[in-house]
Amino acid sequence: MYRYDDFDRQLVHERTEQFREQVKRRLAGDITEEQFRPLRLMNGVYLQLHAYMLRVAVPYGTLRADQLRQLGMIARVYDKGYGHFTTRQNIQYNWPKLDEIPDALLDLAKVEMHAIQTSGNCIRNTTTDQYAGAAADEIEDPRPYCELIRQWSTFHPEFTYLPRKFKIAVTGSPNDRAAVKVHDIGLRMHQNDAGETGFEVMVGGGLGRTPFVGKTIREFIGKNDLFSYLEAILRVYNRFGRRDNKYKARIKILVHEEGIDKIRELVEEEWAQIKDGSLRVDDAEIAHYIEQFAPPAFETLSDDDADFERHKSENRRFANWVRSNVIEHKQPGYAIANVSLKPIGGIPGDATDTQMELVADLSEKYSFGDVRVTHEQNLVLPHVKKADLFAVWSELDKADLGTANLGYVTDIISCPGLDYCALATARSIPLSQRISERFGDLDRQHDIGELKIKISGCINACGHHHVGHIGILGLDKRGKEFYQITLGGDASQDASIGKIAGAGFSEAEVVDAIESLVTKYIDIRESGERFIDTYRRVGMDPFKEVLYGDR
Amino acid sequence: MSLQVVTANRLEDGLVVFLTSDGNWSENINDARIADGKEAADALLAEASAPELDIVIVGPYLIDVEQQGADIVPTKYREVLRTKGPSVREDLGYQAV
Amino acid sequence: MAIVKNDSVIEQEWITVDAEGDLPASDENLIVPLARFKEERDSLLGRNGGLGVQLNPGDAPEDLADDLDRLSIITVNFPAYTDGRGYSYGRVLRERMGFTGELRAVGDVLRDQILYMHRCGFDAYDLKVEGEVALNKVRAALKEMSVYYQPTGDGRVTAQSLRERRRAALQ
Ligand code: SF4
């Protein structure tokens, strides 16, 4: 894993001191809220419904054990004993006090963490595949490139006041787990005809008010040229992106209005002028970063472990957990263990201080001190020996972290919604809890199979509802919460934006509505079909009918 | 007849507060000064927006309320949540006593 | 209202004119908006006083390609600090077009943006505060950070090149 060197540390340290001064100036009345607001936002400090919120960056979703342990400590000391992992692979604290935030940031800086790039109209924290460096299907570990993007984009002098925020996601695997097609820039690693590894570059994806799947602007960009190419895209966006209307300011609107061909032309023209400049990264430097993310010291093991098999046959709950939460590793004898933050009826993505500390301990003991945060709001122990899985699960299970539901109908993405968020139009967490309880039975969940439900508490779509197989958007109708259902969304390599099924449902009706959709799917599915496959085969009508009848 | 009170977040800790009769800020909405009608509401908001309060509170605004017995209750659910805390964590916020 | 350049407060020696209207006497130093410069280029270049151009958001610095050596100053207007187009104009003018005259940021120029402006090629800042205060703000802003990741035309050494040097020294 990448370790900060003294330059990185110095930068975070200076930033922390700078913010401490700014808070001091604010509390002393030397600057007004109007002047302070953009400064606090650039340090991840929002004012939410009940209190301030601090959003801490987890660059490309990778954490070391000591960092996760520190996040737990921060939850206990500066907050109310918990934190919320978000769809941006970040963590949010809901109750910090303004005058204590500089100290919290200092404690974060001690473990090389910060709140940079978590807010504002800058290039935000880069996200990637949570299984990077472990997945059996990956071409190459994307994290060295993510780290280079992190450095290039941190306090970029030209791109800190963009028309709007800007999100980049990277996948090193053909099976996209990072939703790269719904980001401002999506990078998909692949090989060209000459056998070189590089990236397909997609632009203009995004959710929110006007969702779009990104369009390919370049089939292939070599690794050495990636950064100058990104700079070219950003410069075109900074110069030509709309600034007259905040809802039309994302690059997706520019791509939509001008057309991808026009944007490609502008970007290529810009790139031609800078590609041989100082942003060209040579092979030696790339190799240096690849080395930083070198695989840990795996033991040479047989892929089969007798104890593991025995535990599976003896303990049904463990076997269930393995079935849903454990994923194939590229190293024989190892596995990827997903830690569900979706206990039945719980709050999606929330983890307590002690849960964070436990996962930190387990990662130290069993996973080379490596932990990942997923955009689906779970945690991952990426490198666990199969022989250790039972011990890991037993510990997780005791701490209510052993729920066997990865990818199932109860593994729901939910934004904080009106329970916390100042922008919300409806609550989203209680709905996810009711749905989770309704489908709590594990056999039933397993029978239903992969079904991604995603819930947002307003049109900003932090809960990714547009790309849920079933998406739910909370709205406000004359003072009452009501929920709009979309079907057929998908965040994977086959990305698609869901379609609105029809009129919305009241809070009381919506869980039944979801259940009737699931029942319909079970009735009409063909063997091996997931919900999304069935939907794609039969279309909206059969589902619409169960929701609305002749209505 | 429309009743309104002024709410804001306290600068130092961000917690929800309400403008009281004596010009202070209280965590309890029942301490809030009620404005009856538009004129009184405008005056209340003007008082809350005084520049010198920028060092005490952030973002004052008016909310609609009803008098229910001894209690002042916001009419919008969003504001009800602000007087209580997250509905999914009844152990947190003002509702947790 | 003070202009800070090269670690000192400088005099305002330029008159900025609008898109339309009469021009001052021929020997005054003038800054004209790009649109007007394009329309009245020949007569403007024929005047005796110094000439500069102001870029507003949406303008193309490339339009000045043939005339850069005739301009002693270019001002870039930031009508609101949130409008960051001017940062790109600065880099294009300096790094691509090779402009060497004064590049002045005007408009909503605040302390917390000055370092970024400097990194994008600006060397003068028109602040809405008085002399000493303006100078102190610029000084503080320019030394707030000491680590830079991005190579720009400002000559600051990036973290990457320092790392390379260190690695070379260790070999
Ligand atoms: S989707 Fe809306 S309610 Fe949910 S977190 Fe985002 S802004 Fe808040």
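Residues numbered from 1 in each chain as written. Chains lettered and ligands numbered in written order. Predicted model: local features only at pLDDT ≥ 70, side-chain atom pairs only at ≥ 80, totals over all residues. Heavy atoms only, no water.

S.K.: Explain the overall build of chain A residue by residue, including any values.
M.R.: Across its full length, chain A holds 18 helices and 21 strands. Its C-alpha atoms give chain A a radius of gyration of 23 Å, near enough to 24 Å, the size a compact globule of 551 residues would have. Seen through its principal axes, chain A has C-alpha atoms that stretch 60 × 60 × 60 Å. Buried positions account for 66% of the 551 residues belonging to chain A. Taking the contacts inside chain A whose residues are at least 6 apart along the sequence as the reference set, 67% of them involve residues at least 24 apart. If you sum the accessible surface of chain A, you get close to 19200 Å²; carbon and sulfur atoms cover 47% of it. Seen as two clouds, the 71 positive and the 85 negative side-chain charges of chain A have centres 5 Å apart. (Helix = DSSP H or I, 4+ residues; strand = E, 2+ residues; numbered from the N terminus. Rg over C-alpha atoms; globule rule 2.2 N^0.38 Å. Buried < 20%, exposed > 50% of the residue type's maximum accessible area, 1.4 Å probe, protein only. Contact = heavy atoms within 4.5 Å. Areas by Shrake-Rupley, 256 points an atom, 1.4 Å probe, with all protein chains shown as cover. Lys, Arg positive; Asp, Glu negative; His and termini not counted. Charge placed at Lys NZ, Arg CZ, Asp CG, Glu CD.)

S.K.: With reference to specific residues and values, describe the domain arrangement of chain A.
M.R.: Residue and element names in this part refer to chain A. Under the domain assignment, chain A is made up of domain 1 (6–109), domain 2 (142–292), domain 3 (306–398) and domain 4 (413–548). A C-alpha centroid distance of 27 Å is found between domain 1 and domain 2. Each partner contributes residues to the interface: domain 1 has eight residues there, and domain 2 has 11 residues. Summed over both sides, the interface of domain 1 with domain 2 buries roughly 800 Å², with 64% coming from carbon and sulfur. When the buried area of domain 1 at its contact with domain 2 is split by residue, Leu11, Tyr60 and Arg88 rank highest and sum to 56% of it. Measuring nitrogen to oxygen at the nearest pair gives 3.3 Å for the salt bridge that ties Arg150 to Asp8. Put simply, domain 1 and domain 2 have two residue pairs in polar contact (both at pLDDT 80 or more) between them. If you tally residues by element for the side of domain 1 that touches domain 2, the top one is helix α1 (residues 6–27), at three residues. Per-class residue counts for the side of domain 1 that touches domain 2 are four nonpolar, one polar and three charged. (Domains from an automatic or database assignment. Buried area = accessible area lost by both parts, 1.4 Å probe. Salt bridge = Lys/Arg side-chain N within 4 Å of Asp/Glu carboxyl O. Polar contact = N/O pair within 3.5 Å; in protein donor to acceptor, adjacent residues only side chain to side chain. Nonpolar A, V, L, I, M, F, W, Y, C, P; charged D, E, K, R; others polar.)

S.K.: Would you mind going over the site of the ligand in detail, with residue names and values included?
M.R.: Inspection of the region around the ligand gives Cys415, Pro416, Gly417, Cys421, Leu423, Ala424, Ser456, Gly457, Cys458, Asn460, Ala461 and Cys462 of chain A as its neighbouring residues. Here the residues of the shell around the ligand are counted per class, giving eight nonpolar, four polar and no charged. (Near = heavy atom within 4 Å.)

S.K.: Before we move on, could you go through the layout of surface pockets and cite the residues and values that matter?
M.R.: All names here are of chain A. As a volume, the second largest pocket reaches approximately 660 Å³. Contributing to the lining of the second largest pocket are 33 residues, with Asp176, Arg177, Glu376, Glu450 and Lys452 lying nearest its centre. For the lining of the second largest pocket, the per-class residue count stands at 10 nonpolar, 12 polar and 11 charged. (1 Å grid on protein atoms, 1.4 Å probe; cavity = no way out; pocket = protein on both sides within 12 Å on 5 of 7 lines; lining within 4 Å. Points joined across faces, edges and corners; volume = space filled by probe spheres on them.)

S.K.: How would you summarise the pairing of strand β17 (residues 453–456) of chain A if you had to cite specific residues and measurements?
M.R.: Taken residue by residue, a regular strand's side chains alternate between the two faces of the sheet. Residue and element names in this part refer to chain A. Along β17, one buried face is formed by Ile453 and Ile455 and the opposite face, lined by Lys454 and Ser456, is buried too. One ladder, built from two bridges, connects strand β16 (residues 413–414) with β17; its direction is parallel. Along β17, the bridge assignment pairs Ser414 with Ile455. Alignment of β17 against strand β18 (residues 470–477), held across four bridges, turns out to be parallel. For Ile455, the partnering residue across the bridge sits in β18 and is Ile472. (Pairing = 2+ DSSP bridges.)

S.K.: Tell me about the interface of chain B and chain A, residues and numbers included.
M.R.: Listed by partner, the interface residues are 23 residues for chain B and 30 residues for chain A. Between chain B and chain A, the buried area comes to about 2200 Å², and carbon and sulfur atoms account for 62% of it. Of all residues in chain B, the largest losses of buried area upon contact with chain A belong to Leu11, Arg78 and Val88 of chain B, amounting jointly to 24% of the total for that side. Remark: the boundary between chain B and chain A carries one salt bridge. In this structure, the salt-bridge partner of Arg26 of chain A is Asp54 of chain B, at a minimum N-O distance of 3.3 Å. Here chain B is connected to chain A by nine residue pairs in polar contact (both at pLDDT 80 or more). Secondary-structure elements contributing two or more residues to the side of chain B that touches chain A are β1 (3–10), β5 (57–68) and α2 (77–84) of chain B. The biggest single contributor to the side of chain B that touches chain A is α2 of chain B, with four residues.

S.K.: Explain the interface of chain C and chain A residue by residue, including any values.
M.R.: Taken residue by residue, the interface counts 36 residues in chain C and 40 residues in chain A. When chain C packs against chain A, the two sides together hide about 3400 Å² of surface, and 50% of this comes from carbon and sulfur. Its largest share of buried area at the contact with chain A, chain C owes to Arg96, Tyr116 and Tyr149 of chain C, together 20% of the area lost on that side. Our count for the contact surface shared by chain C and chain A stands at eight salt bridges. Glu231 of chain A is the salt-bridge partner of Arg91 of chain C, the closest N and O atoms lying 2.9 Å from each other. Counting residues per element, the ones that place at least two in the side of chain C that touches chain A are α3 (85–96), α4 (111–119) and α6 (159–170) of chain C. Here the side of chain C that touches chain A is built from residues that sort into 14 nonpolar, eight polar and 14 charged.

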